[in-house]
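Structural features, examined
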Amino acid sequence: MNSLRDEIRFLFSGQGMPYEKVCLMVAAVVCIVLGTMLSSNISHDAKVAVIDLDNSAYSHELTSRIDASEYMEVTTVLNTPVDPTTLFYRDQAVAVVYFPRGLEKDRYTGTASNIGVFYDNTNTAQSSDIKVALNELIGLDNAAAQGDTGSTNDSLSGSVGLADRNLFNPSGSNYNVEVQGFLFFFGSMFFTFATIGMVPRLRLAHQLDKILLEGTPWDILVRLVPYGGCLIVSFVFGMTILRLLGDMTFSGSLLLFLAIQLFYVMTVGTLSTLFGWTAANPGIASSRMILFIPGGFILGGPTGPLSFYPDWVIAISHLFPLTWEYHFVRDIIERGAGFADISKEFGAFLIYMAAILILFCAKFFSARRALLKHRAQDEKHRRDLQQLSLTDGTTMGQTE
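Since the structure is predicted, the reported quantities are computational estimates derived from the model, not experimental observations.

Cut-offs used in this document
- Within each chain, residue numbers correspond to sequence positions counted from 1 in written order.
- Reporting of local features is limited, given that this is a predicted model, to residues whose pLDDT is at least 70; pairs of side-chain atoms are given and counted only at 80 or more, and all residues count toward the totals for whole chains, interfaces and linings.
- Excluded from the side-chain calculations are hydrogens and water; all other atoms, namely the structure's heavy atoms, are used.
- Grouping buried Ala, Val, Leu, Ile, Met, Phe, Trp, Tyr and Cys residues that are joined through side-chain atoms within 4.5 Å yields what is termed a nonpolar core.
- Only protein chains enter the accessibility calculation, which uses a 1.4 Å probe. A residue is then buried if its area is under 20% of the maximum for its type, exposed if over 50%, and partly exposed in between.
- Counting from the N terminus, the helices are the DSSP runs of H or I reaching at least four residues and the strands are the DSSP runs of E reaching at least two.
- Residue contacts are defined here by distance: any two heavy atoms, one from each residue, within 4.5 Å place the two residues in contact.
- Note on ring pairs: Phe, Tyr and Trp rings are taken, using the six-membered ring of Trp, and paired if centres are within 6.5 Å. Classes follow the plane angle, with under 30 degrees stacked, over 60 edge-to-face and the rest tilted.
- Helix span, as expected, comes to 1.5 Å for every residue beyond the first.
- Two cysteine sulfur atoms form a disulfide, by the criterion used here, when they sit within 2.5 Å.
- Every case where a carboxyl oxygen of Asp or Glu lies within 4 Å of a side-chain nitrogen of Lys or Arg is listed as a salt bridge.
- In this description, strands pair whenever DSSP reports at least two bridges between them.
- Think of each axis as a best-fit line through the C-alpha atoms, taken over the contacting stretch in the case of a helix, with angles from 0 to 180 degrees between the N-to-C directions.

Formed by 40 residues in total, the largest nonpolar core has its most connected members in Phe184 and Phe328. Residue assignment for this core shows that the elements contributing at least two residues are α6 (178-195), α10 (225-245), α11 (254-275), α12 (282-286), α15 (321-334) and α16 (343-399). When sequence neighbours within four positions are dropped, the list of residues in contact with Phe184 reads Phe235, Met239, Phe257, Leu322, Glu325, Tyr326, Val329 and Ile333. Val50, Tyr58, Ile66 and Ala133 belong to the second-largest nonpolar core, a separate cluster that totals 22 residues.

So, in C-alpha cells, the structure goes:
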C-alpha cells in the first residue's frame, strides 16, 4: 500500500508524463477526430485525368460518364499526347484514362477497340474502387450498343475494352508501401524523442539562460545537426536493406532525395524543440511527440489511400511534417520525379518550413524578454532590500 500511494503521488506530481490527461486525450482523439476523418473506406471523387486524342462526341460522352460517377472526378482533360506518369506527380491523379484516335469511328464500324487506363499503384487499395467503376461503365456501354438494355441506337456495333496497366508498384509489394511507411514513421518518431527534451535539458543544466541572453535561435537549432545526420543515414540504411533483401523500387535520384531530407530534418527538429520548450523536464516533453508525428503517418498515405479522405482532411494533414515526407517519397522514390516535377510542392514546403522557423524565433525572443524582465524585477527587489537595510541601519544609529 505504501508503494501504491507513492506511485499515485508521483503520477499526479507533474514530474513525469501526465498520463492521467494523455490517456483521456488519446481516447477522445481516436474516437471523435479520427473517427470522423476515417469514416469513409471507399474512394469518393478520386482524381482522374483524361488524355482524349479522339476528341469526338463519343469520347466526350465517356468523359462525362466518368465524371458523373461517385467514385471518380475528372480533373484534367488533355487533347495532346502526354506521358501519363507526369500526371501522377504531387498526387494529382489516381488514374489516367487514354482515349486513342479513331475510337468513335471503330465504335460505328464494328471494330473492337481498347481504352487505355493507367493506375497509380503506390497504394494498392486506392485504385480498386476505380477499377470496378470503370469496368461497370464500359460493360453498360457495350450492353447498350448490343441492344441488351433497350437502347434504340442500332448503329452502334463495336465493342470497347479496357487495357489497364499498374504503374510504380506493379507487383503490389508491401516493401513499397507499408514497410517503407513504417521506416520513415519510426525514424521520425525516435528522432523526435531524441530532440524534444533538448530545451528542458538545457534549462535543468542552467545553460538555457546564457543562450537566451548571449546567443541566437541558431545556437539551439545547430544542436539538431548530429541527430539529423543520424536520421538521414538510418533512412538510407533502411532503404538499402529493403532494396537488397526485398523488392523495393527506387526510381528517382538519391541525391535529390537526400537534399530534400536536409529540409525535412530541420523542420521536424524545429517543431520538436518548439513543442518541448515549456516542458518541466525531458520526460514530460517526450509525451508531446504524439501531437505532431502520428498525424502525418495516419493521414499521409501509408495507412490508407488519400482518395478515401475528404478534401478538408487532406488540407489539415499538411500541418504534420510527416505528410510532406510521404509526398516526396512517393514522387521521388516511387514515381521517379525530378526537381522540376516537385518544384511546386517543394516551394509550398519551404513556406511551411519558414512559418515554423518564424514561430521558433518568436518563442526564443519571447523567452529572452521574459528572462530580462524577470532579472530586472529581481534586481529591483535586491536594490529595495538593500535600501531598506541601509535605512534600518541609519535609524538604529540615530536611536543609539
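Time to look at the packing of aromatic side chains. In the structure shown here, the tally under the stated rule is 19 aromatic pairs. Relative to Phe186, the ring of Phe182 has its centre 5.8 Å away and its plane inclined at 20°; by these criteria the two rings are stacked. One end of the pair, Phe182, and the other, Phe186, are both in helix α6, four residues apart, so they sit about a helical turn from each other. Between Phe339 and Phe346, the ring centres sit 5.8 Å apart and the planes meet at 65°, which makes this aromatic pair edge-to-face. We classify Phe339 as partly exposed; its relative accessible area is 46%.

We now examine α6. With 18 residues, α6 ought to run about 26 Å at 1.5 Å a step, and its terminal C-alpha atoms sit 26 Å apart, in line with that. For α6, every residue scored as buried is listed here: Gln180, Gly181, Leu183, Phe184, Phe185, Gly187, Ser188, Met189, Phe191, Thr192 and Thr195. Buried residues along α6 sit against α7 (198-204), α10, α11, α13 (294-299) and α15.

Take the state of the cysteines next. What the rule picks out here adds up to zero disulfides. Free of any disulfide, Cys23 has its nearest cysteine sulfur in Cys31, 12 Å distant.

Tallying each qualifying case throughout the model produces eight salt bridges. Residue Arg9 pairs with Asp6 through a salt bridge whose shortest N-O separation is 3.5 Å. Remark: Asp6 and Arg9 occur in helix α1 (residues 2-11); sequence separation between them is three residues, near one turn of the helix. Of the residues examined, Arg9 reaches a relative accessible area of 52% and is grouped as exposed. In this structure, Arg65 engages Glu61 in a salt bridge whose closest nitrogen and oxygen atoms are separated by 2.5 Å. Here Arg65 pairs with Glu61, and both are found in helix α3 (residues 57-68), just four residues apart, close to one helical turn. Arg65 gets classed as partly exposed once you look at its relative accessible area, which sits at 30%.

Attention now goes to unusual backbone geometry. Positive phi outside glycine occurs at Asn55, with the angle close to 50°. Inspection of the secondary structure assignment puts Asn55 in the loop between β1 (46-52) and α3. At Phe168, a position not held by glycine, the phi torsion is positive, near 75°. Looking at where Phe168 falls in the secondary structure, it is placed in the loop between β5 (160-167) and α6. Given a relative accessible area of 12%, Phe168 falls into the buried group.

As a further point, take the side chain of His327. When you line up the elements, His327 lands in helix α15. Assessed through its relative accessible area of 6%, His327 is described here as buried. Contacts of His327, omitting those with residues within four sequence positions, involve Asp91, Leu306, His318 and Glu345.

Strand order in the open sheet formed by five strands is β2-β1-β3-β4-β5, and the pairing between neighbours is mixed. On the outer flanks of this sheet lie β2 (72-78) and β5, each paired with one strand and no other. Taken pair by pair, the neighbouring strands of this sheet meet at an average axis angle of 25°, ignoring direction. Against the sheet, α3 contacts β1, β2, β3 (95-99), β4 (113-120) and β5, and its axis sits at roughly 145° relative to β2. Packed onto the sheet, helix α5 (residues 128-145) meets β1, β2, β3, β4 and β5 and runs at close to 165° relative to β5.

With that settled, consider the pairing of β2. As paired elements, β1 and β2 share six bridges and run parallel to each other. By the bridge assignment, Ala49 is partnered in β2 with Thr76.

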